[in-house]
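Reading the structure
As a plain string of letters, each chain reads:
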Amino acid sequence: MRGRTHEYDVEVVWTGNRGVGTSGYTTYGREHDLSTASAPTIPGSADPAFRGDPARWNPEQLQVAALSQCHMLWYLHLAAAAGVVVTAYEDSAHGVMVQDAGGGGQFASVTLRPRVTITADSDPDVAHRVHAQVPEVCFIARSVSFPVHHEPVITVEESAPRA
């Protein structure tokens, strides 16, 4: 693969040593901190199903969040280029991971459910079509080996009443 190279550095520091290290599966915490030089620290843990802290982000949630963020950012870019004026964007993304009998597993799919509001003078058909273009360019979606589905809902703002 040729092209521009972008590099990303992240620090992960395990903070779950409860005094006895990993002397047993139930003796250590899954807590950790994710950080980078220029952003706030993200408190991480394992999924609660794997003895993690539900008050902290787990890797599986971060995977789904990364897909949702990437889709949104590319959507906003492509919408602007297509003349669609977006005034609001929310997503309720959902990921499904399947664990096998040996304890391993993988994501089976992620479904993004963006709710997009556009101005009255924007074309809702174009707004829908832009969603279909995003998977071709979203870096994260292009990097995963499972399907990423999209269920967009487009809402058109009511035009302002004329005086």
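This text goes with the structure placed above it.
This text gives an overview of the structure that appears in the document. All figures in this text were calculated on a predicted structure; none of them were measured in a lab. (Residues numbered from 1 in each chain as written. Predicted model: local features only at pLDDT ≥ 70, side-chain atom pairs only at ≥ 80, totals over all residues. Heavy atoms only, no water.)

This next bit is on unusual backbone geometry. With a phi angle near 70°, arginine 51 is a residue other than glycine that sits in the positive phi range. Within the secondary structure, arginine 51 sits in the loop between strand E3 (39-44) and helix H1 (59-81). (Helix = DSSP H or I, 4+ residues; strand = E, 2+ residues; numbered from the N terminus.)

Assignment of secondary structure puts glutamate 60 in helix H1. Arginine 30 provides the closest opposite charge to the buried, salt-bridge-free glutamate 60, at an N-O distance of 11 Å. Residue contacts for glutamate 60: discarding those within four places in its chain leaves Asp47, Met97 and Phe107. (Buried < 20%, exposed > 50% of the residue type's maximum accessible area, 1.4 Å probe, protein only. Lys, Arg positive; Asp, Glu negative; His and termini not counted. Salt bridge = Lys/Arg side-chain N within 4 Å of Asp/Glu carboxyl O. Contact = heavy atoms within 4.5 Å.)

Attention now goes to the state of the cysteines. Tallied over the full model, the rule gives one disulfide. Between the sulfur atoms of cysteine 70 and its disulfide mate cysteine 138 the distance is 2.3 Å. In this pair, cysteine 70 sits in helix H1 while cysteine 138 sits in the loop between helix H2 (124-133) and strand E8 (148-150), placing the two residues 68 residues apart along the sequence. Under the relative-accessibility criterion, cysteine 70 is labelled buried at 9%. (Disulfide = S-S within 2.5 Å.)

Pairing is mixed in the open sheet, where three strands are placed in the order E5-E6-E8. Of all the strands in the sheet, just strand E5 (94-99) and E8 have a single pairing partner and so form its edges. Each neighbouring strand pair of the sheet contributes to a mean axis angle of 15°, computed without reference to strand direction. Sheet topology note: the E5/strand E6 (residues 105-112) ladder contains six bridges and is antiparallel. Among the inter-strand pairings, glycine 95 is bridged to a residue of E6, identified as valine 110. The sheet strands contacting H1 are E5, E6 and E8, and the helix crosses E6 at an angle near 35°. (Pairing = 2+ DSSP bridges. Axes fitted to C-alpha atoms, helices over the stretch in contact; angles between N-to-C directions.)

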